[in-house]
Amino acid sequence: MLPTAPVSEVTVESLTRRFRRDFGSDPRVFRAPGRVNLIGEHTDYNDGFVMPAAIGFDTWVAAGARPDRSLLVHSDQFHEDAELSLDALAGPPRKHWSDFVRGVAAVLEASGQRLSGANLIIEGQVPMGAGLSSSASLEVATAIALLAISGSSVPSVELAKICQRAEHEYVGTRCGIMDQFIAVFGRSGHALKLDCRSLGYETFAIPSGVRLVITNSMVRHDLAAGEYNLRRDDCEAGVNILRQSMPEVSALRDVTVADLEKHRSTLPEVVYRRCRHVITENVRVLSAGDALRSGDLAHFGRLMNESHRSLRDDYEVSCQELDLLVEIASACDGVYGSRMTGGGFGGCTISLVPSDGVERFQDNIKDKYQSATGIIPDIYICSAAQGAGAWEKKV
Ligand code: GLA
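All figures in this text were calculated on a predicted structure; none of them were measured in a lab.

Calculation notes
- Residues numbered from 1 in each chain as written.
- Predicted model: local features only at pLDDT ≥ 70, side-chain atom pairs only at ≥ 80, totals over all residues.
- Heavy atoms only, no water.
- Helix = DSSP H or I, 4+ residues; strand = E, 2+ residues; numbered from the N terminus.
- Rg over C-alpha atoms; globule rule 2.2 N^0.38 Å.
- Buried < 20%, exposed > 50% of the residue type's maximum accessible area, 1.4 Å probe, protein only.
- Phe/Tyr/Trp six-rings, centres within 6.5 Å; stacked < 30°, edge-to-face > 60°.
- Near = heavy atom within 4 Å.
- Polar contact = N/O pair within 3.5 Å; in protein donor to acceptor, adjacent residues only side chain to side chain.
- Areas by Shrake-Rupley, 256 points an atom, 1.4 Å probe, with all protein chains shown as cover.
- Salt bridge = Lys/Arg side-chain N within 4 Å of Asp/Glu carboxyl O.
- Pairing = 2+ DSSP bridges.
- Axes fitted to C-alpha atoms, helices over the stretch in contact; angles between N-to-C directions.
- Core = buried A, V, L, I, M, F, W, Y, C linked by side-chain atoms within 4.5 Å.
- Contact = heavy atoms within 4.5 Å.

Secondary structure summary: the chain contains 11 helices and 13 strands in total. For the chain, whose C-alpha radius of gyration is 21 Å, the value lies close to the compact-globule estimate of 21 Å for 395 residues. The C-alpha extent of the chain, read off along each of the three principal axes, is 65 × 60 × 40 Å. Within the chain, buried positions represent 57% of all 395 residues.

So this is what it looks like as structure tokens:
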């Protein structure tokens, strides 16, 4: 068999060729990865803890400067062009893929950058609507491309915050910082435990002998559809009520399980359950860090399973297909743990599987999921990848 070039080289070559054909010059090429979250779901916008890893699916952007203030953007995924003016970026979400580009450019300019016009070709390889953060990878790849061709840069934490703000204001999802942060800070072979209040983080090597297996339910989720923002509202309602008896509370991060139980009668039932998910999930992320540190994968897996139950029953962001995938995974011999990952309402599960059991795991999941739902799931065996950057040819 002939050796095949890595996906990245093939992608860069084909992007470069097309850019030359369409714009008559050589581009610079940038990439930013998607992510999988091992544990810590819907905690980031509550100032809590998360534990994501970047994955080997990227959004790629080939970019070149233009002498005017236009952005000419081609999206491979949508087979469509968009033309934007850097002088007319403002406006509400248009529910179009170009909102991401418009938003990033607008927030960069609003934060004091003077961007150059640009020709861009975007190739997204992160599955869309699968809870693997294709949006943040597009935002971050676009931001570093626009900055670089304008001869500028911003500190990495700022970069993540700018992309988050672009999603709030130009896409309409009031997301937390997790996805943009890991797209920037991802470290090959490692998961990050991030404190979403201080933005301090700790890296944990993914132990040898286990694989991160992502199973795509093939049920698409759409965070901008409103449920996501509603969960945020529930959390804010909880904080407002709890603050009446605990003025020091500024986010659910500041509330313990004991505090919550003590004040349970002051909270509407749904708000109580939303808060219980967030508060117990924060405790689970901290325990998960300890478990990884001491190599206790069995404990880590149990925490993943508990996280799923809490997301299903208290936070109500799972769906039948995700529950079924978790159920099948949990019944597989040797699997440490499994849970839905990302915003929910469809998308993917993450399972921690011993390396020597991966093949059996895949066969099992495919068989049982397909016979119960008629859907063939995509399964990705992932390694933790490096965060965003410019493509540099290795010699
Ligand atoms: C989406 C958001 C993140 C986070 C997760 C849920 O991916 O973009 O900020 O809130 O959902 O954990």
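In this section: the packing of aromatic side chains. For the structure on display, the rule yields eight aromatic pairs. A ring pair is formed by F19 and F23, whose centres lie 4.8 Å apart and whose planes are at 50°; its orientation type is tilted. Here F23 and F19 lie together in helix α1 (residues 7-23), a separation of four residues that amounts to about one turn. Assessed through its relative accessible area of 0%, F19 is described here as buried. Consider the rings of F78 and W97, whose centres lie 6.2 Å apart with planes at 10°: the pair is stacked. In this pair, F78 sits in the loop between β3 (70-75) and β4 (80-85) while W97 sits in the loop between β4 and α2 (98-110), placing the two residues 19 residues apart along the sequence. F78 gets classed as partly exposed once you look at its relative accessible area, which sits at 39%. When its relative accessible area of 8% is taken as the criterion, W97 is described as buried. Ring-pair connections join several aromatic residues into one group, and the members of that group are F181, F185 and Y201.

Glancing now at the site of the ligand. Near the ligand you find 13 residues, and of these E41, H42, D44, D179 and Y228 are the closest. Here an oxygen atom of the ligand and a side-chain polar atom of Y228 are 2.6 Å apart. When the free accessible area of the ligand is taken as 310 Å², the share hidden by the protein chains comes to 98%.

Turning our eyes to something else, we now look at the pattern of salt bridges. Throughout the structure, instances matching the rule amount to 32 salt bridges. For R174, the salt bridge identified is with D233, shortest N-O distance 2.8 Å. In this pair, R174 sits in the loop between α4 (156-171) and α5 (178-185) while D233 sits in helix α6 (residues 227-245), placing the two residues 59 residues apart along the sequence. Across the salt bridge formed by R276 and D314, the nearest N and O atoms sit 2.7 Å from each other. Note that R276 is positioned in helix α8 (residues 269-293) and D314 in the loop between α9 (297-313) and α10 (320-330), a separation of 38 residues in sequence. In this structure R276 comes out as partly exposed when scored by relative accessible area, which is 27%. By relative accessible area, which is 9% here, D314 ends up buried. A single salt-bridge network, built from bridges that share partners, covers D234, E261, R264, E269, R273, R274 and E316.

Moving on to unusual backbone geometry. The residue S133 is not glycine, and still its phi comes out positive at about 65°. Position of S133 among the secondary structure elements: in the loop between β5 (117-124) and α3 (134-149). Residue classification places S133 among the buried residues on the basis of a relative accessible area of 9%.

Take E80: it is sitting in strand β4. For E80, a relative accessible area of 33% puts it in the partly exposed group. Along the sequence, E80 and W97 sit 17 residues apart, while their C-alpha atoms lie 9.6 Å from each other. One polar contact links E80 to W97, side chain to side chain, over a distance of 2.7 Å.

Pairing is antiparallel across the open sheet formed by four strands, whose spatial order is β9-β10-β8-β11. The open sheet is flanked by β9 (337-341) and β11 (378-382), the only strands paired with a single partner. Neighbouring strand axes in the sheet, compared pairwise and without regard to direction, differ in orientation by 25° on average. In the sheet, β9 pairs with strand β10 (residues 348-354) via five bridges, with the strands oriented antiparallel. Note that in β10 the partner of G337 across the bridge is L352.

This part covers the nonpolar core. Residues L71, L108, L120, L146 and L159 are the most contacted members of the largest nonpolar core, which totals 54 residues. For this core, the element with the most residues is α3, which contributes 10 residues. Those residues in contact with L108 that lie beyond four places of it in its chain are Q113, L115, A143, L146, L147 and I162. Counting 30 residues, the second largest nonpolar core, distinct from the first, contains M51, F204, I206 and L297.

Turning to the pairing of strand β6 (residues 190-195), a few remarks are in order. For β6, the tally of buried residues reaches six of six residues, placing the bulk of the element in the interior. Neither face of β6 is exposed, since H190, L192 and L194 on one face and A191, K193 and D195 on the opposite face are all buried. Sheet topology note: the strand β2 (residues 49-66)/β6 ladder contains two bridges and is antiparallel. Bridge assignment links F49 to a residue of β6, and that residue is D195. Examined bridge by bridge, β6 and strand β7 (residues 201-205) share five bridges and lie antiparallel to one another. Bridging across to β7, A191 finds its partner in F204.

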